[in-house]
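# Structural description and commentary
Here is what each chain is made of, one letter per residue.
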Amino acid sequence: MTQQNLWQFISEQHEKLLAQVTQHLGLTFLSLLLSIVVGLPLGILIARKRKLASPVLGFAGILQTIPSIALLGFMIPTFGIGATPAIIALLIYALLPIIRNTYTGITEVNPTVIEAAKAMGMNRQQMLFKVELPLAMPVIIAGIRTAAVINVGVATLASFVAAGGLGEFIFGGISLNNTNMILAGAIPAALLAIVLDQTIALFQKAGYRFLNKLKYGIPAIILISAVIYLINSTSETTLKAGFTPEFMGRQDGDPGLRSVYHLNLNPVVVSDAVMYKAAYEKELDLISGYSTDGRIKAFDLAVLRDDKTIFPPYYAAPIIKTKTLQKFPKLQKTLNLLSGKFSDSLMTDLNYKSDYLKQTPEKIARDFLIKNNLYKTPRKGNSGMIRIGSKIFGEQYILAEMYKMLIEGYTDYQVETKTGLGGTKICFDALMNDAIDFYPEYTGTGLLVLLKPSESVLKNVTQSPEKTYEYVNSEFKQQYGIEWLQPLGFNNAYALMMRRTQAEELKIKSISDLKHHLDAQ
């Protein structure tokens, strides 16, 4: 099987790529135009009342220092998911350069010119529109150019809140270890930033009079941008579905639902950090999730039965290089202390404590080890440093803490945790590049995302959890020099979920029931 190159990927996904580009442009244009509407008057105001300049610019500067993901997270409780929180966040990021450059441009107009305008009998409004703004326009447009480039970049994070855009490909590629998918999102985003910057530069050279003629076209541009964005964001099904970027591209994700169940849901792409609550608050009706996630219990969601078994076994186990086990001879026995200690229901309860009860991973890990007579006081040894990695969800944080406590209690090795590394690609690359020594992985992920076997091999090895484990362990040793240690005992497979009350009302218990319901609409 030959590896797909970038151009083949783009050719295959051109319709989806075009939709993402138009969504990205819609988000960028709407937020940029709204930021001009807000920022330009504010800049004029503080140029007139200069005592307000420091607090206004300081506040805008503080807003821009808030990390993008955090800002989107703050928006969700008030504005939910979708375009609204994304546009508001982008507007906030674009404000500072527009306000600052408007203020700077107006205040740096030559005082002699202002005096001449007053001598000619101009009032303040006439001076603003006939003298100050025309002379300040190059500086103001420079601020708009900066804001536009910032917005194109930050808009890639809009997929975090199901607002679409090129971030869907970028984050999906990171999760799926797919470089072509990352580049298919990153390259157009970079080109959009360059094209938009150079287009605004042309307006900058055209002068104030030309720009003044365009003032009646701005509402039309906003309307067109909004219509284009909405057309590419509208779902065709009666049930609104939201899937993670990783689920959208995996064989056992949306492609599997389309090929095996013939489900064409046109889902929005959303971060798993917000999709469970979005389902609970009725902003989404159907989500992809993980079968041991504590938020299933917290938000009273029903897991639909996979009656055609498209989801392979996902048994958790630490993966580690053979040379690392040789370097740290006591490590393998220590890590295997957790082997078989978990069931699906037990892991769900531990995740519930983290996701809903907001207990720290350290507390959950310590309580579990104490209950199972595995906890020992740390030795505080200095026989070498073990670096533990984890992905960016609660279960992984808990497991990383358990392994840290076991290593510190049973060996003289020191431990450093590097948690929240993102998706599979980042963790696996970190392991291959010796940035970490091991991390917890899942047999289904190792099979589908990292090994990517043929359909015949896939059908054979997914007949049982034991076959899947044996295959991935053998192939990882051969291809990467990496071993899968003993499984922990729980199966965190993918699953489709709905609100329990809605599933019962619609009599949907399995994915086939969901298909029949949609066909009947």
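Scroll up for the structure.
Since this is a predicted model, take the numbers as computed values, not measurements.

### Observations regarding the overall build of the protein
- The helix and strand inventory of the protein stands at 26 helices and 10 strands.
- For the protein, the spread of C-alpha atoms along the principal axes amounts to about 90 × 65 × 45 Å.
- Considering the protein as a whole, with its 521 residues, one finds that 52% of them fall into the buried category.
- Considering only contacts within the protein whose residues lie at least 6 apart along the sequence, 79% involve residues at least 24 apart.
- Across the protein, 51 positive and 42 negative side-chain charges occur, with their mean positions spaced 8 Å apart.

### So, empty space enclosed by the protein
- Applying the stated criterion to the full structure yields two cavities of 30 Å³ or more.
- Taken as a whole, the largest cavity spans an internal volume of roughly 60 Å³.
- What lines the largest cavity is Tyr 290, Thr 292, Asp 293, Arg 295, Asn 351, Asp 355, Phe 393, Gly 394, Glu 395 and Asn 492.
- Of all the secondary-structure elements, those providing two or more residues to the lining of the largest cavity are helix H18 (344-355) and helix H20 (394-410).
- By residue class, the composition of the lining of the largest cavity is two nonpolar, four polar and four charged.
- In this structure, the second largest cavity spans a volume of roughly 50 Å³.
- Elements supplying a minimum of two residues to the lining of the second largest cavity: helix H4 (68-79) and helix H5 (83-107).
- Counting residues per element, the lining of the second largest cavity draws most heavily on H5, at four residues.
- Across the lining of the second largest cavity, the residue classes tally to eight nonpolar, one polar and no charged.

### Things to note about the packing of aromatic side chains
- All told, the structure shown has 19 aromatic pairs when counted by the stated rule.
- Ring geometry for Phe 247 versus Tyr 494: centroids 5.0 Å apart, planes at 70°, classification edge-to-face. Linking Phe 247 in helix H12 (residues 245-249) with Tyr 494 in strand E10 (residues 494-499), this pair joins segments that are 247 residues apart in sequence. Each member of the pair, Phe 247 together with Tyr 494, is buried.
- Relative to Tyr 356, the ring of Tyr 352 lies with its centre 5.4 Å away and its plane at 25°, an arrangement referred to as stacked.

### Description of the packing of helix H6 (residues 111-119) against helix H7 (residues 124-154)
- Direction vectors running N to C along H6 and H7 enclose 165°, while the axes themselves pass 11 Å from each other. As judged from the angle between their axes, H6 and H7 are roughly antiparallel. For the element pair H6 and H7, the recorded crossing hand is right-handed. Contact residues: H6 offers Val 113, Ile 114, Ala 117 and Lys 118, while H7 offers Met 127, Val 131, Glu 132 and Leu 135.
- Residues belonging to the contact of H6 with H7 are distributed by class as follows: six nonpolar, no polar and two charged.

### Some remarks on the sheet that holds strand E1 (residues 241-243)
- Reading across the sheet, the five strands line up as E2-E1-E3-E10-E4 and stay open at both edges, with mixed pairing between neighbours. Strands with a single pairing partner mark the edges of an open sheet, and in this sheet they are strand E2 (268-269) and strand E4 (301-303).
- Two strands pair when backbone bridges link them, and strand E3 (residues 286-290) and E10 are joined in this way by four bridges, in the antiparallel orientation. Across the sheet, the residue bridging to Ser 288 is Leu 496, located in E10.

### Quick word on helix H3 (residues 53-65)
- Given a rise of 1.5 Å per residue, 13 residues ought to cover 18 Å, and the 18 Å separating the end C-alpha atoms of H3 matches this to within 8%.
- What H3 keeps buried is the set Ala 53, Ala 60, Gly 61 and Leu 63. Buried residues in H3, looked at end-on, bunch into an arc of 160°, giving them a common side. More than 90 degrees from the buried face of H3, the exposed residues found are Ser 54, Phe 59, Ile 62 and Thr 65.
- Of the surrounding secondary structure, the elements contacted by the buried residues of H3 are helix H2 (14-48) and H5.

### Some words on helix H19 (residues 361-371)
- By the burial criterion, the buried members of H19 are Ile 364, Ala 365, Phe 368 and Leu 369. The arc that holds every buried residue of H19, seen down its axis, measures 125°, which confines them to one face.
- Buried-residue contacts for H19 involve H18 and H20.
- Note on H19: the residue one or two positions beyond its end, Asn 373, has a positive phi of about 55°.

### Details of the pairing of strand E8 (residues 438-442)
- Of all the five residues making up E8, five are buried; the element is thus mostly covered by neighbouring parts of the structure.
- Of the two faces of E8, both are covered, the one formed by Phe 438, Pro 440 and Tyr 442 as well as the one formed by Tyr 439 and Glu 441.

### Regarding the environment of Met 122
- Mapping Met 122 onto the fold places it in the loop between H6 and H7.
- On a C-alpha basis, the gap between Met 122 and Ile 182 in space is 56 Å, while along the polypeptide they are 60 residues apart.
- Setting aside chain neighbours within four positions, we find Met 122 in contact with Ala 117, Met 127, Lys 130 and Val 131.

### Details of the pattern of salt bridges
- One pass over the full model with this rule turns up 18 salt bridges.
- Here Arg 48 and Glu 132 are joined by a salt bridge, their closest N and O atoms 2.6 Å apart. With Arg 48 in helix H2 and Glu 132 in helix H7, the pair connects residues that are 84 residues apart, well separated along the chain.
- Residue classification places Arg 48 among the partly exposed residues on the basis of a relative accessible area of 28%.
- Close ionic contact of Glu 408 with Lys 404 constitutes a salt bridge, the shortest N to O distance being 3.2 Å. Taken together, the residues Glu 408 and Lys 404, both in helix H20 and four residues apart, mark about one turn of the helix.
- Taking the relative accessible area as the measure of exposure, Lys 404 reaches 22% and is therefore partly exposed.
- Linked through salt bridges whose partners overlap, the residues forming this network are Asp 293, Arg 295 and Asp 355.

Parameters and conventions
- Residues numbered from 1 in each chain as written.
- Predicted model: local features only at pLDDT ≥ 70, side-chain atom pairs only at ≥ 80, totals over all residues.
- Heavy atoms only, no water.
- Helix = DSSP H or I, 4+ residues; strand = E, 2+ residues; numbered from the N terminus.
- Buried < 20%, exposed > 50% of the residue type's maximum accessible area, 1.4 Å probe, protein only.
- Contact = heavy atoms within 4.5 Å.
- Lys, Arg positive; Asp, Glu negative; His and termini not counted.
- Charge placed at Lys NZ, Arg CZ, Asp CG, Glu CD.
- 1 Å grid on protein atoms, 1.4 Å probe; cavity = no way out; pocket = protein on both sides within 12 Å on 5 of 7 lines; lining within 4 Å.
- Points joined across faces, edges and corners; volume = space filled by probe spheres on them.
- Nonpolar A, V, L, I, M, F, W, Y, C, P; charged D, E, K, R; others polar.
- Phe/Tyr/Trp six-rings, centres within 6.5 Å; stacked < 30°, edge-to-face > 60°.
- Axes fitted to C-alpha atoms, helices over the stretch in contact; angles between N-to-C directions.
- Parallel < 35°, antiparallel > 145°, perpendicular 65-115°, else oblique.
- Left-handed = near helix turned anticlockwise from the far one by under 90°.
- Pairing = 2+ DSSP bridges.
- Expected span 1.5 Å × (residues − 1).
- Arc of directions from axis to C-beta.
- Salt bridge = Lys/Arg side-chain N within 4 Å of Asp/Glu carboxyl O.

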